[in-house]
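What follows is the residue order along each chain.
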Amino acid sequence: KRYFLYIMMVMNDMLNKFDSYTFFAAQHWNHTWERQHELIVRFARLIHKPIHICKPLGLLNYNPFSIMFIRKIIEYKKNVKLGHSKSENPIEKNMFFVGGCFVPLHCKLVGKLNYFLLKRKLHFSGNNFFWGTYINYTIYEFFKRSTFKVYDIAERRSLNPLVPNYVKHLERKIVSEADVVFIDNHAAIEDYRNLNPNIYYIPQGVNVESMQVLGNPKREYIGYIGNFHFAINYPFLKALIKKNNKSPFLFVGSILDDRANEIMALDNVVHIDKVQKEELSNYLGKMKYGLIPYVINDVTVGVYPTKLFEYIAAGVPVVTTSLPEVIQYADADYMQVVDEPIELNKTFTMNKCAELLSENNWDTRWNEYIKQINKCLK
């Protein structure tokens, strides 16, 4: 025990040796709780100095005279008025969020300009620890000037048609130049395997205690938690709902794709916008099945849904399409893989869940993160 504590003390000292800590998360802090939120909070608890988190700068260029740009401004103002810009997720005392003035265009020259506009606000020093989840020219300016560079990938951008080519080029560059790279899916690892010797597969985890359901709730819904985005197989989901038209469906998450509106209009669907992390277990307790209804293509084979272990931790059996990062855990004890819409009536024992969760919780993932970071720091 003493030896373990000594090792942890040495590791903490190594992580705390930098003069500044700069974090670039791809999602705002009031977004649904995801991998990047979990990791940033854990870093903040481990580092005894201020860490500065730059609010998302985006991947796409917006023409200030375009309809898209005007819509973005209107949407932002609306969210501020409704209070959606206020953080609903945990914040440590040494976490500081930085926004402010930057040019919403992405090219090398503007990247250098934005670096000078944001440098002081981010308290960026010559001895900086960099951690990022996405890349553009502005972020690359901070990356290349940092002492130690961590890049964390939670999707497969290399084949995503929605991602600009300059981002795909920059991501290959940042992967090849980073001190350590973490990836949550096998597809992206194969894309980048030859670029860096320090690439590690560390998938999503779960905080088991926060997902556990208290008491003996009435589980009546077929449910889904998470945003409705491009990865959802909407024709499959609609057909599944109609196939199980005597069962109520409960969907918890924001609508990011207009195709979801037709789903929400169905008679046996109840939709609730995103909820705070602390409230999620209340809704999971109402579910008898948890859906992962994703389309399968070259992009989504790199999706590792956070909801997989959240369902299981809440005692909810998983019904999923053949998503590679999910079906690697396939077991009739707690999961049913469906290739077409079926009537859901299977009973699950859920006996193997405790062992599965003990191997895939965030404490286990985090220990591996820190282990590999400190190995590269030596």
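Since the structure is predicted, the reported quantities are computational estimates derived from the model, not experimental observations. (Residues numbered from 1 in each chain as written. Predicted model: local features only at pLDDT ≥ 70, side-chain atom pairs only at ≥ 80, totals over all residues. Heavy atoms only, no water.)

Caption draft 1: Spatial organisation of the nonpolar core. Core analysis: the biggest nonpolar cluster contains 56 residues, and F228, F251, L291, L308 and Y311 have the highest contact counts within it. Those residues in contact with L291 that lie beyond four places of it in its chain are I222, G223, Y224, L237, L240, F249, F251, K307, Y311, V319 and L344. Formed by 32 residues, the second largest nonpolar core is a distinct cluster that contains M14, I40, V150 and Y200. (Core = buried A, V, L, I, M, F, W, Y, C linked by side-chain atoms within 4.5 Å. Buried < 20%, exposed > 50% of the residue type's maximum accessible area, 1.4 Å probe, protein only. Contact = heavy atoms within 4.5 Å.)

Caption draft 2: Spotlight on the packing of aromatic side chains. With the rule as written, the count across this model stands at 33 aromatic pairs. Taken together, a centroid distance of 5.7 Å and an interplanar angle of 40 degrees make the contact between Y21 and F129 tilted. With a gap of 108 residues between them, Y21 in strand 1 (residues 20-24) and F129 in strand 4 (residues 128-132) connect regions that are remote in the sequence. Of the two residues examined, Y21 and F129, each falls in the buried class. Ring-pair connections join several aromatic residues into one group, and the members of that group are F18, Y21, F23, F43, F129, W131, F148, F182, Y200, W366 and Y369. The cationic tip of R145 hangs over the ring face of Y115; the distance from NZ or CZ to the ring centre is 4.1 Å. Note that K346 overlies the ring of F348, its terminal NZ or CZ placed 5.3 Å from the centroid. (Phe/Tyr/Trp six-rings, centres within 6.5 Å; stacked < 30°, edge-to-face > 60°. Helix = DSSP H or I, 4+ residues; strand = E, 2+ residues; numbered from the N terminus. Lys NZ or Arg CZ within 6 Å of the ring centre and 35° of its normal.)

Caption draft 3: Layout of the pairing of strand 1. Burial analysis of strand 1 places five of its five residues in the buried class, which makes it a mostly covered element. The two faces of strand 1 match: S20, T22 and F24 on one face and Y21 and F23 on the other face are all buried. Two elements, strand 1 and strand 4, share five bridges in a ladder whose sense is parallel. Directly across from T22, in strand 4, lies its bridge partner F130. Relative to strand 2 (residues 51-54), strand 1 runs parallel, the two sharing three bridges. Paired with F24 across the bridge in strand 2 is C54. For the crossover from strand 1 across helix 2 (residues 35-46) to strand 2, the handedness is right-handed. (Pairing = 2+ DSSP bridges. Right-handed = clockwise from strand over helix to strand, strands pointing away.)

Caption draft 4: Main features of the pattern of salt bridges. As enumerated under the stated definition, the model contains 15 salt bridges in all. Across the salt bridge formed by E171 and R157, the nearest N and O atoms sit 2.5 Å from each other. Of this pair, E171 sits in helix 6 (residues 165-177) while R157 sits in the loop between strand 5 (148-153) and helix 6, placing them 14 residues apart in sequence. Each member of the pair, E171 as well as R157, is classed as buried. The partner of K352 in a salt bridge is D331, and the shortest N-O contact between them spans 3.1 Å. Remark: D331 occurs in the loop between helix 13 (324-327) and strand 13 (335-337) and K352 occurs in the loop between strand 13 and helix 14 (353-359); sequence separation between them is 21 residues. Given a relative accessible area of 22%, D331 falls into the partly exposed group. (Salt bridge = Lys/Arg side-chain N within 4 Å of Asp/Glu carboxyl O.)

Caption draft 5: Representation of the side chain of T306 within the structure. Along the polypeptide, T306 turns up in the loop between strand 11 (287-292) and helix 12 (307-313). On the basis of relative accessible area, T306 is assigned to the buried category, the value being 17%. Ignoring any residue separated from it by four or fewer positions in sequence, one finds T306 in contact with Q204 and G205.

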